[in-house]
Amino acid sequence: LRPSAQRKRIAKRSYSSLCLSSYGDVASSHDAPITCMDIDSKNQRLLLSVDLHGKIAIHNLEKQELGAMEKLSPVKQAHVSHSALRSCQWYPPDPGVFVCAGVDGRMKIWAAGSPMRIIDEFKLGFPIRQTRMSTCPSASASLIAVCGESPIVRVCDMLSGGTAHSLIGHTKSVNTVAWNPVKQFCLVTGSSDGTIRSWDLRRPKGSLHVFDKQKTSPDPENNPDGSRKRKRQTSPSSSSRTPRRAHAGAVTHIKFTAKGDKLLSTGGDGRMRRWDVESGCNSMVHYSTANVSAILRIDVSLYDQYIAYPEKHQVRIFEAHSGKTMRTLQGHFDPVLCCTFRDSCQELYSAGADHSILRWVPKSMEDEAKSVSLERVKQQRSAAAAADRGAGGNPSSADYYHTGMRSRGEYDGYYGEPDWLDAWTSSDDDAVGA
């Protein structure tokens with residue numbers, strides 16, 4: 001098998017057996033519903049989360065030891081304000097900077113140092129629902145797309161401190177925005193008017209096209225003899241009678257696949273649809289989702305194989321191409337609002353209105369953690385018995401791991417730490433207010 005095919009087989013075996021982790025769980029410090037999470041795309045090791053009470057928490061996932069029963073506490077947390085936070089994202093080139101925004105209409109750029117501090121702030125003048133930075137390697141790292149309770153999407157520039165572009169086309173508030181991971185100037189927006197629009201920053205005066213749920217095949221551009229077809233002119237009255245809409249209700253979330261050729265969208269009509277980005281066609285893949293009208297955060301795994309979809313008190317794992325339900329994850333006591341994959345370990349993290357963050361791992365990893373935990377208990381008991389007999393001692397954890405058992409770091413392929421993290425984790429200042 002080719003290496004890519006082998007990796008896909010491993011990912012399929014892992015994601016199809018996800019289960020709730022009993023070891024190395026995440027201890028949430030939130031006291032309100034968690035609205036958004038993000039794992040840094042560079043090293044896949046720092047988990048950022050925000051809630052409706054304006055609290056920010058960061059977990060270092062590298063500190064999860066295999067078989068450990070203790071919950072993973074946040075390495076840093078901050079209470080921003082009393083306003084609700086709805087969006088957060090790590091700065092793609094550097095996991096030492098992140099962006100948060102909420103209903104107070106302010107987008108704040110934070111430095112995740114010791115202590116955490118605000119290095120810049122944008123006042124947009126409307127409640128913000130989502131902010132996104134492009135993960136395309138060739139894209140400008142200073143542009144941030146901002147959407148909220150306004151029909152206009154703002155593209156802010158961190159270098160100039162102002163608005164670089166204003167995208168006008170929607171008629172109601174814009175709920176979600178996503179950058180194309182391959183094309184640096186292209187982004188897509190979803191609105192409460194039920195439309196999804198594609199934009200190119202090189203021509204921001206109008207959208208490229210509007211996605212239509214009724215369109216299932218691309219328009220033929222050429223005749224059989226190779227000549228270009230003349231487009232039929234339609235009157236404004238006829239076009240207004242058939243508006244192009246992606247969902248019957250509001251568009252709640254959109255997400256690109258890693259290749260940038262497909263787009264996933266969720267709506268207030270309880271549907272999740274898969275789109276071809278170039279043609280704007282509906283791929284007609286049926287996902288058996290429930291009628292959920294809340295603004296949720298879905299995620300797509302690496303290689304565009306699986307989709308994590310929050311559905312009331314559970315998370316459903318779908319096959320992206322067929323729409324088949326692979327797994328249903330149950331563990332939350334209240335509705336799930338967001339989830340994110342950690343592809344380096346084939347893990348999934350979910351959070352929601354119950355203030356908790358749950359970690360889902362492959363069953364093989366859970367079984368290995370259980371065996372490690374049992375072996376650790378046996379060693380502790382034997383060491384205690386030897387101490388009672390006046391001989392031997394308790395072996396250290398370092399000696400234990402060097403005897404052949406694998407440490408947690410071998411699962412994600414991480415080979416180094418930023419210099420600021422050592423000073424950060426050793427700081428006694430665990431909270432800061434803005």
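Heads up: these notes are all about the structure in this document.

Another point: the pairing of strand S10 (residues 128–133). Among the six residues in S10, six count as buried, and that is most of the element. Two elements, S10 and strand S11 (residues 143–148), share five bridges in a ladder whose sense is antiparallel. Looking at S11, one finds that Met-133 is bridged to Ile-144.

As a further point, take the sheet that holds strand S19 (residues 262–267). The sheet built from three strands is open, its strands ordered S18-S19-S20 with antiparallel pairing. Edge strands, defined here as strands with exactly one partner in the open sheet, are strand S18 (251–256) and strand S20 (272–276). Averaged over all pairs of adjacent strands, the angle between strand axes in this sheet comes to 25 degrees, irrespective of strand direction. The pairing of S18 with S19 spans five bridges and is classified as antiparallel. Bridging across to S19, His-253 finds its partner in Thr-266.

Okay, the state of the cysteines next. Applying the stated rule across the entire model yields zero disulfides. Distance from the sulfur of Cys-100, which forms no disulfide, to the nearest cysteine sulfur (Cys-88) is 5.4 Å. Exposure remark for Cys-100: the relative accessible area of 2% places this residue in the buried category.

With respect to the secondary-structure elements, Thr-195 resides in the loop between strand S15 (186–191) and strand S16 (196–200). Engagement of the side chain of Thr-195 in a polar contact is seen with the side chain of Asp-193, the distance being 2.6 Å. Setting aside chain neighbours within four positions, we find Thr-195 in contact with His-170, Thr-189, Gly-190, Val-210, Arg-244, Arg-245, Ala-246 and Val-251.

What the rule picks out here adds up to 11 salt bridges. Across the pair Glu-62 and Arg-342 runs a salt bridge whose closest N-O atoms are separated by 3.6 Å. Taken together, the residues Glu-62 in the loop between strand S4 (55–60) and strand S5 (76–79) and Arg-342 in strand S25 (residues 336–342) connect sequence positions 280 residues apart. Judged by relative accessible area, which is 0%, Arg-342 ranks as buried. For Arg-129, the salt bridge is made with Glu-149, and the minimal N-O distance between the two is 3.6 Å. One end of the pair, Arg-129, is in strand S10; the other, Glu-149, is in the loop between S11 and strand S12 (150–157), and 20 residues separate them in sequence. The partly exposed category is assigned to Glu-149, whose relative accessible area is 45%. Linked by salt bridges that have partners in common, Glu-62, Arg-342, Glu-347 and Arg-359 make up one network.

Attention shifts here to the nonpolar core. Counting residues in each nonpolar core, the largest one holds 17 residues, and the members touching the most others are Ile-56, Ile-58 and Phe-98. Going through the elements one at a time, strand S3 (46–51), S4, strand S6 (85–90) and strand S7 (97–102) are the ones with two or more residues in this core. With sequence-adjacent residues up to four places away left out, Ile-56 is seen in contact with Leu-48, Ser-49, Val-50, Lys-76, Gln-77, Ala-78, Val-80, Leu-85, Phe-98, Cys-100, Trp-110 and Met-116.

With that settled, the discussion passes to the environment of Cys-136. For Cys-136, the position within the fold is in the loop between S10 and S11. In this structure the C-alpha to C-alpha distance between Cys-136 and Trp-179, which are 43 residues apart in sequence, comes to 8.2 Å.

Counted by the stated rule, this structure contains seven aromatic pairs. With a centroid separation of 5.8 Å and 65 degrees between ring planes, the pair formed by Tyr-15 and Tyr-306 is classed as edge-to-face. Taken as a pair, Tyr-15 in helix H1 (residues 3–15) and Tyr-306 in strand S22 (residues 306–311) lie far apart in primary sequence, 291 residues in all. For the pair Tyr-15 and Tyr-306, one class covers both residues: buried. For the ring pair Phe-211 and Trp-275, a centre distance of 5.5 Å and an interplane angle of 75 degrees mean the geometry is edge-to-face. Of the two residues, Phe-211 is situated in the loop between strand S17 (209–210) and helix H2 (236–241) and Trp-275 in strand S20; the sequence distance between them amounts to 64 residues. For the pair Phe-211 and Trp-275, one class covers both residues: buried. Chaining the aromatic ring pairs together yields one cluster made of Tyr-15, Tyr-306 and Phe-341.

In this structure, Tyr-349 sits in strand S26 (residues 347–352). Considering only alpha carbons, one finds Tyr-349 and Cys-339, 10 residues apart in sequence, at a separation of 5.5 Å. For Tyr-349, the side chain forms a polar contact with the side chain of Glu-347, separated by 2.9 Å.

Procedures and definitions
Residues numbered from 1 in each chain as written. Predicted model: local features only at pLDDT ≥ 70, side-chain atom pairs only at ≥ 80, totals over all residues. Heavy atoms only, no water. Buried < 20%, exposed > 50% of the residue type's maximum accessible area, 1.4 Å probe, protein only. Helix = DSSP H or I, 4+ residues; strand = E, 2+ residues; numbered from the N terminus. Pairing = 2+ DSSP bridges. Axes fitted to C-alpha atoms, helices over the stretch in contact; angles between N-to-C directions. Disulfide = S-S within 2.5 Å. Polar contact = N/O pair within 3.5 Å; in protein donor to acceptor, adjacent residues only side chain to side chain. Contact = heavy atoms within 4.5 Å. Salt bridge = Lys/Arg side-chain N within 4 Å of Asp/Glu carboxyl O. Core = buried A, V, L, I, M, F, W, Y, C linked by side-chain atoms within 4.5 Å. Phe/Tyr/Trp six-rings, centres within 6.5 Å; stacked < 30°, edge-to-face > 60°.

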